[in-house]
Amino acid sequence: MHSNTTRRSQQLRRTALVAALAMSLGGVVHAQSTTGTIFGQAPAAANETVTVSGSTGVTRQVQVDASGRYRVANLPLGAYNVSLEKDGAVVDTRKNVNIVVGQGTEVSFNGPSAESATALGSVTVTAASVPAIDVTSVDSRTVITSQQLAKLPLVRSAEAIALLAPGAVEGSGQFGNGNTVSFGGSGVTENAYYLNGYNSSDPLKNLGGIGLPYGAIDQQETYTGGYSAKYGRSDGGVISQVGKRGTNEWHFGGQVNWEPKFLASDPKNVRYPSLGLPDGYGYSTPELAGTAYRDRKNNKSWTTTYDAYVGGPLIKDKLFIFVAAEAEKEQGLSTQASDQAIVANNHTQETTPKWYGKLDWNINDSNILELTAVGNRDSKEGSYYDYNYDTKKEGAFVAYPDSTKLSSTFYIGKFTSYITDDLTLTATVGKSKVDDYLHNPAASPLPYISGSTTQDPLITGGDPITNNQASTTGMAPDAGSRTHGTRIDLEYQLGNHHLAVGMDNMSYHAHNEGQVTSGPDYLWIYGHAADPTAPLNTGLGVPAAGGRGYYVQRYIFEDATSMSVDQKAEYIEDTWQTTDTVMIKVGLRNDKFNNYNNTGEAYVKSGNQYAPRLGFTWDVFGDSTMKVYGNLGRYYLALPNSVAIRGASSSTYTREYFTYTGIDATGAPTGLTPLTDGPVSADNEFGQPTHARAVAASNLKSQYQDEAILGIDKAWGPEWVTGAKVTVRKLQAAIDDVCDTGKLQDKYAADGGDPDSLLPPGCIIFNPGKTNTFDVPNVDGGYTRVKMSSADWGFTEGAKRKYAALDLYAEHPYDGTWWARLDYTFARSYGNTEGQVKSDIGQTDVSKTQDWDAATLMEYSSGLLANNRRHQIKFNGAYSFNTEWTVGATVQILSGTPKSCLGYYYNGDDPIGYGSSYHICNSTPSPPGAAGNEPWTKRLDVALSWRPAFADHKVNFSVNVFNVFNERKERQSDYTYETDPYSVSNTYGMGNYFETPRFVRLSASYDF
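Only a predicted model underlies this, so the values are computations on that prediction, with no experimental measurement involved. Going along each chain's sequence as written, the residues are numbered from 1 onward. It should be noted that, the model being predicted, local features are given only for residues of pLDDT at least 70 and side-chain atom pairs only at 80 or more, the latter also being counted only at that level, while totals for whole chains, interfaces and linings use all residues. The basis for every side-chain value is the complete set of non-hydrogen atoms in the structure, without hydrogens or water.

Engineer: So, the packing of aromatic side chains: which residues are in play, and what are the values?
Structural biologist: To pair, rings of Phe, Tyr and Trp, with the six-membered ring standing in for Trp, must have centres within 6.5 Å; the planes then decide the type, stacked if under 30 degrees apart, edge-to-face if over 60, and tilted in the middle. In total, this model carries 36 aromatic pairs according to the counting rule given. Centroid distance tyrosine 526 to tyrosine 660: 5.3 Å. Interplanar angle 80°. Geometry classified as edge-to-face. Linking tyrosine 526 in strand E32 (residues 523–528) with tyrosine 660 in the loop between strand E41 (652–659) and strand E42 (662–663), this pair joins segments that are 134 residues apart in sequence. Relative accessibility under 20% of the residue-type maximum defines a buried residue, over 50% an exposed one, and the middle range a partly exposed one, all with a 1.4 Å probe and only protein chains included. On the basis of relative accessible area, tyrosine 526 is assigned to the buried category, the value being 4%. Each ring, one from tryptophan 720 and one from tryptophan 818, has its centre 6.0 Å from the other, and the planes form 70°; the classification is edge-to-face. Linking tryptophan 720 in strand E46 (residues 720–733) with tryptophan 818 in strand E52 (residues 818–831), this pair joins segments that are 98 residues apart in sequence. Classification of tryptophan 720 by relative accessible area gives partly exposed; the value is 36%. The way it works is that DSSP assigns letters per residue, a run of H or I at least four long becomes a helix, a run of E at least two long becomes a strand, and they are numbered from the N terminus.

If you want it as structure tokens, here you go:
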């Protein structure tokens, strides 16, 4: 021990101090944190104290212990002066120490004694003079600061920042281009978002979250795994933003960003594929093969954004304010595909105003109160003008698309009390309101016409007949969500042990969320069977269309409801500095989740769920130049509110099949002859009441995942840091629904019961691969308990998702002139369950995807999962030529995601009525990835900024070029093979989501 301490002192004398990385990817102290820590060593002597004073008026003083160590935790972000005092006199000082959120910044004092330290005087700490490796962290994360955001060419979103982290990849375009992220192979709804420590995830589906105005971001943490027992409810990643705060100096400024149309490139046009089809198969509409599907010339957008902020002291050292606002307006043109009900140019407009306010009150040196308010509104609207694919000309106005508005408001309060030097209490409370609105400015009473390109040409003359109905669904005008949460943490330093205990509770309430079918509450779907003699749907008893194969469906879908979720957790954790160089972190978290339907009845009660966490870090040489670290943890995931939609509440999802002899002027079929005896429903959804007790297995376990991480970081002098990390994740339990519920009656009959006495629901929530117990409604008005193994359902294996990755990096920390970081990730995500959603078909029915609905759907389902990207190369950095000119760049080179082929069952059969949804293609097994991979993508973004000296460097002009080489490859294709048995979809294999073409952002800002 003694030799390590001596060596550290010598190292510090040679290199001054080591510096906090502007971007650290080696580990994490706390997820969701809004504060940082300063720690270090001082010459062991009596009556020594360390005083930390910040730009936000916070001052803390702690005693140096007998071993010469000190630690000041829970410090608000900002710049600090750190002074060593002996007998009340300052003997050494470190100035301008900028701390990093959730991280420990080491500030140690040179010299074997306080007396020799006196001669050193004050030392200004710069980014190149603080340790590049945080030896106190055991977890995995990336931190990006506001200074870096000003230099890097990034799309202005939390997700774009998060994608800088190794192992983070963009989610499927089906869920919104660029709006979702997959971490470590997990699904895009398995993440958590935070604003100043409060959960800002989408309260309905947990699909994305709300962020701050871009200019108000102080730091963003992106966690990719291994966080402590203090935090949970995510088995993917965490995106946590901390907003700026006022200081003892007044600052104000603003920025204008312009992304002009004339500097943007066109997307590529899209054509229907013309594939060589197997014998016996034909295109649904053969004449469309190889023709234009979607013209996208001039389909560009142009954006203007205005930002402004002001911050400073209302009372010096006591009361501070910071206020920021952002107004973004994007306009664009989007040509509808040629198979849409309305073929038109959509002139779009989206406005996204955001605001942020923060009040900080230093009540005294021991108590701090922080109040935060955040507002965000996203409104989209448009206008349809007729478009002719033959002449390529735009015509007159025809209709309005749906308008949407998502408005979110958050109020957050945090109280911190430094009860003693060793005991700290923090309490965070918050609430939010989200209004979710969808309407059409000119709502039509007519039914939406789908599949118009497959209308009988002998009736239409080859020209599809549609109407002005632009909507397929609608929403209740008062749809929305509310949340409120309370978190209390108590931390105590007991010798070499840092103990923490606390509670973390969240409640979510949703009102009238869901959808109803537009117009007369139904729509028409036209279809054409290549083989008119083949049954259209054997599982639902739909016979062949006959004739020339033309038919139509009357489709009804309605699932609007209210619901709520309560999430509670307690934790205990010990961070134990076992030696001078080894730290162990051990914790236990208990999560409890309760989900309620529209009548307030609980349909899921998790009970206690204990999640152990164990981590370690080893400062190999005792001088912060080499760290070995590891982490083992279990992470439970709650079911979001949306699970009650189409699950715990009534829903209608039916189709009624007809042949027809005519089509009227509105596109509606006439001369109908039923093919079925009324509506049919694959999931038995006819609007009947549900039984809360029967919605889910009585012994349902929450989805949870185990994770192991082992890594090493090595500093090569003050200029370079390299590292390697291995991550392994294994899904231990998943939640989905099974809809082949007749198997409940089969099992009951096999056990000697009367199957006709049971009234099973259409679908029921369960743990795939586990033995589940169900309370099934019976004809007597009670419930009958039935236990079902995986084999009873016909499944041959349980839910599987395994992720393994090797991350390598090299980084040059910021030295006042430049920084750079290069990451390479080799990863494999394999199994039969992507997670809570299904990217192949864009299904956002969280934990109720079509996977596991019946055993036949899961045959040959094991393969590479949708978010698998085998190779990932990422770079970001910036270089300052002088005090005026700076260039920044980001690079992402990624291998493509696996393709799938989802077709009818063998020989055109459809045993459960799900159509083209089986892992069977051309009557041949087709596991995920068997159809190959999407192409590699390579993207370079560059930024150049100028801060002229004549303006005292307070004015900044910059140009950002995104996708410099204008690569426009497809990111995802259409994986649905058939529309009917042996009728290949005209869009199968066609790209449906592409890279964003090159565009340019011009910016001007002023900071005073």
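Engineer: So, the pattern of salt bridges: which residues are in play, and what are the values?
Structural biologist: Any Lys or Arg side-chain nitrogen found within 4 Å of a carboxyl oxygen on Asp or Glu counts as a salt bridge. Within this structure, the stated rule accounts for 45 salt bridges. The closest approach of N and O atoms between aspartate 840 and lysine 838, which form a salt bridge, is 3.8 Å. Note on accessibility: aspartate 840 and lysine 838 belong to one class, buried. For glutamate 967, the salt bridge goes to lysine 969, with nearest N and O atoms at 3.6 Å. Of the residues examined, lysine 969 reaches a relative accessible area of 28% and is grouped as partly exposed. Sharing partners across several salt bridges, the network here consists of Arg233, Arg487, Asp489, Asp504, Arg589 and Asp591.

Engineer: Could you give an account of the sheet that holds strand E7 (residues 104–106), naming the residues involved and the relevant values?
Structural biologist: Either a parallel or an antiparallel arrangement is found when strands of a sheet pair, and the pairing is made through backbone hydrogen bonds. Taken together, the three strands give an open sheet; going across it, the order is E4-E1-E7, and neighbouring strands pair in mixed fashion. With partners counted over all chains shown, the strands left at the sheet margins are strand E4 (69–76) and E7, one partner each. Here the average twist between neighbouring strands, direction ignored, is 25°. Pairing of strand E1 (residues 35–41) with E7, which is carried by three bridges, proceeds in the parallel orientation. DSSP calls a pair of strands paired once it identifies at least 2 bridges connecting them. Fitted lines through C-alpha atoms serve as axes, helices being fitted only where they are in contact, and the angles separating the N-to-C directions of these axes extend from 0 to 180 degrees.

Engineer: Describe the state of the cysteines, with residues and values.
Structural biologist: Here, disulfide denotes a covalent bond that connects the sulfur atoms of two cysteines. Counting rule for disulfides: a pair of cysteine sulfur atoms within 2.5 Å. In total, this model carries two disulfides according to the counting rule given. Between the sulfur of cysteine 739 and that of cysteine 763 lies a disulfide, 2.0 Å long from S to S. One disulfide, between cysteine 739 and cysteine 763, carries an S-S torsion of 105° and so falls in the right-handed class. Of the two residues, cysteine 739 sits in the loop between strand E47 (736–738) and helix H6 (742–750) while cysteine 763 sits in the loop between H6 and strand E48 (764–766), which places them 24 residues apart along the sequence. Of the two residues, cysteine 739 and cysteine 763, both sit in the buried class. There is a disulfide in this structure between cysteine 901 and cysteine 921, and the S-S distance comes to 1.7 Å. Taken together, the positions of cysteine 901 in the loop between strand E55 (885–894) and strand E56 (920–921) and cysteine 921 in strand E56 put the pair 20 residues apart, joining distant regions of the chain. You can call cysteine 901 buried: its relative accessible area is 2%. For cysteine 921, a relative accessible area of 9% corresponds to the buried category. Each disulfide of the protein joins two cysteines, and with those cysteines numbered along the sequence the arrangement is 1-2, 3-4.

Engineer: So what about the confidence of the model for the protein? Which residues, and what values?
Structural biologist: Parts of the model with low pLDDT should not have their predicted coordinates read in detail. pLDDT measures how confident the predictor is about each residue, on a scale from 0 to 100. Summing up the model confidence of the protein, the mean pLDDT is 91 and the portion of residues at 70 or higher is 95%. Overall, residues 1–31 carries pLDDT values under 50, and its contacts beyond four positions in sequence, including any with other chains, amount to 111 contacts. A contact between two residues is defined here by any heavy atoms of the two lying within 4.5 Å. Every residue in residues 111–129 is under pLDDT 50, and counting partners more than four places away or in other chains gives 46 contacts.

Engineer: Residues and numbers for the pairing of strand E64 (residues 999–1007), please.
Structural biologist: Note: strand E16 (residues 251–259) against E64, six bridges, orientation antiparallel. Residue pairing for E64: glycine 254 is matched across the bridge by tyrosine 1006. Strand direction decides the pairing type here: strand E59 (residues 955–962) and E64, joined by eight bridges, are antiparallel. Directly across from asparagine 960, in E64, lies its bridge partner arginine 1001.

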